[in-house]
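# Residue-level structural notes
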Amino acid sequence: KIGDFTVREDVPLPVLGSGNKSLAADDITPDNIILGMLEVLKNDPVNDNLSYYRDFIYTVKPSIDEMLTSAALEAENNMDFNDAIDIYKGLLALNNDSKDHILNIAVCYDEFSQFLYSKGKENEAFKMEDLAAKYFKILENNSDKNDRVYYYLGRFYLIRENYDKAVDFLRDFIKL
């Protein structure tokens, strides 16, 4: 037992090892188990144990959303967009209904696309822009928007010169 949570013996605990050696007893730590579970959540969306892994993670690390979001934001601020996106994907796999996680990954893809455009990498930038648009569309179709969502939707459409949408979202942002 971990608090009110019952650890099940019939569910395997994935462990994320260092990758360059055999799994050692020292590798079996709560953090490596959580990282292993996050990998399963991200890469195996039909795994039978997903809800168990989510419950396990939130029991062992109740503040994991804040910790990982902070790490992703730091990576993003350091222009390590791929690392940030990987972390955001883990957060989204952990809680795919979170508007904050959807917004964060949308903004990260958008920032990455702008960075790539500034470096003259048009094809890569366009791919990142498409991914950003996919997540922004999810937020746009959600009827329960907060001020951050309105702001970033407005900014996204302003950069893409869709001024009608940009003005509408930025007006809603200002109203809030």
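Anyway, here's the lowdown on the structure attached to this text. The shown structure was predicted, so the numbers you read here are calculated from the model rather than taken from an experiment.

Parameters and conventions
Residues numbered from 1 in each chain as written. Predicted model: local features only at pLDDT ≥ 70, side-chain atom pairs only at ≥ 80, totals over all residues. Heavy atoms only, no water. Axes fitted to C-alpha atoms, helices over the stretch in contact; angles between N-to-C directions. Helix = DSSP H or I, 4+ residues; strand = E, 2+ residues; numbered from the N terminus. Parallel < 35°, antiparallel > 145°, perpendicular 65-115°, else oblique. Left-handed = near helix turned anticlockwise from the far one by under 90°. Contact = heavy atoms within 4.5 Å. Phe/Tyr/Trp six-rings, centres within 6.5 Å; stacked < 30°, edge-to-face > 60°. Lys NZ or Arg CZ within 6 Å of the ring centre and 35° of its normal. Core = buried A, V, L, I, M, F, W, Y, C linked by side-chain atoms within 4.5 Å. Buried < 20%, exposed > 50% of the residue type's maximum accessible area, 1.4 Å probe, protein only. Expected span 1.5 Å × (residues − 1). Nonpolar A, V, L, I, M, F, W, Y, C, P; charged D, E, K, R; others polar.

A few words now on the packing of helix H4 (residues 81-94) against helix H5 (residues 99-118). Contact geometry for H4 and H5: axes closest at 9 Å, N-to-C directions at 160°. Here H4 is positioned roughly antiparallel relative to H5, judged by the angle of their axes. By crossing handedness, the relation of H4 to H5 is classed as left-handed. Here Phe81, Asn82, Ala84, Ile85, Tyr88, Lys89, Leu91 and Leu92 of H4 come into contact with H5, specifically with His101, Ile102, Asn104, Ile105, Cys108, Tyr109, Glu111, Phe112 and Phe115.

On to the packing of aromatic side chains, then. The full count for this structure, using the stated rule, is 13 aromatic pairs. Taking 5.5 Å as the distance between ring centres and 45° as the angle between the ring planes, the aromatic pair formed by Phe81 and Phe115 counts as tilted. Here the residue Phe81 occupies a position in helix H4, and Phe115 occupies one in helix H5, the gap between them amounting to 34 residues. When the centroid spacing of 6.0 Å and the interplanar angle of 10° are considered together, the rings of Tyr109 and Tyr135 count as stacked. Residue Tyr109 is located in helix H5, and its partner Tyr135 is located in helix H6 (residues 122-141); the two are separated by 26 residues in the primary sequence. The rings of Phe136, Tyr150, Phe156, Tyr157 and Phe169 are connected pair by pair, giving a single aromatic cluster. Above the plane of the ring of Tyr52 lies Arg8, whose end atom (NZ or CZ) is 5.4 Å from the centre.

Leu38, Ile57 and Phe136 are the most contacted members of the largest nonpolar core, which totals 47 residues. Counting only elements with at least two residues in this core, the list comes to helix H1 (30-43), helix H2 (50-60), helix H3 (64-77), H4, H5, H6, helix H7 (147-159) and helix H8 (163-175). Of the residues forming this core, the biggest block, nine residues, is contributed by H5. Setting aside residues up to four positions removed in sequence, Phe136 forms contacts with Leu103, Ala106, Val107, Asp110, Tyr152, Leu153 and Phe156.

Looking now at the side chain of Thr69. Tracing the chain through its elements places Thr69 in helix H3. Judged by its relative accessible area of 16%, Thr69 is buried. Residues contacting Thr69, with those up to four places away along its chain left out, are Leu91, His101 and Asn104.

With 14 residues, H4 ought to run about 20 Å at 1.5 Å a step, and its terminal C-alpha atoms sit 20 Å apart, in line with that. For H4, every residue scored as buried is listed here: Phe81, Ala84, Ile85, Tyr88, Gly90, Leu91, Leu92, Ala93 and Leu94.

On to the packing of H5 against H6. For the pair H5 and H6, the least separation of the axes is 8 Å and the interaxial angle reads 160°. Put simply, H5 runs roughly antiparallel to H6. Considering only the axes of H5 and H6, their crossing is left-handed. Between H5 and H6, the residues in contact are Lys99, Ile102, Leu103, Ile105, Ala106, Val107, Tyr109, Asp110, Phe112, Ser113, Leu116 and Tyr117 and Glu122, Glu124, Ala125, Phe126, Met128, Glu129, Leu131, Ala132, Tyr135, Phe136, Ile138 and Leu139, respectively. Here the residues of the contact of H5 with H6 sort into 18 nonpolar, one polar and five charged.

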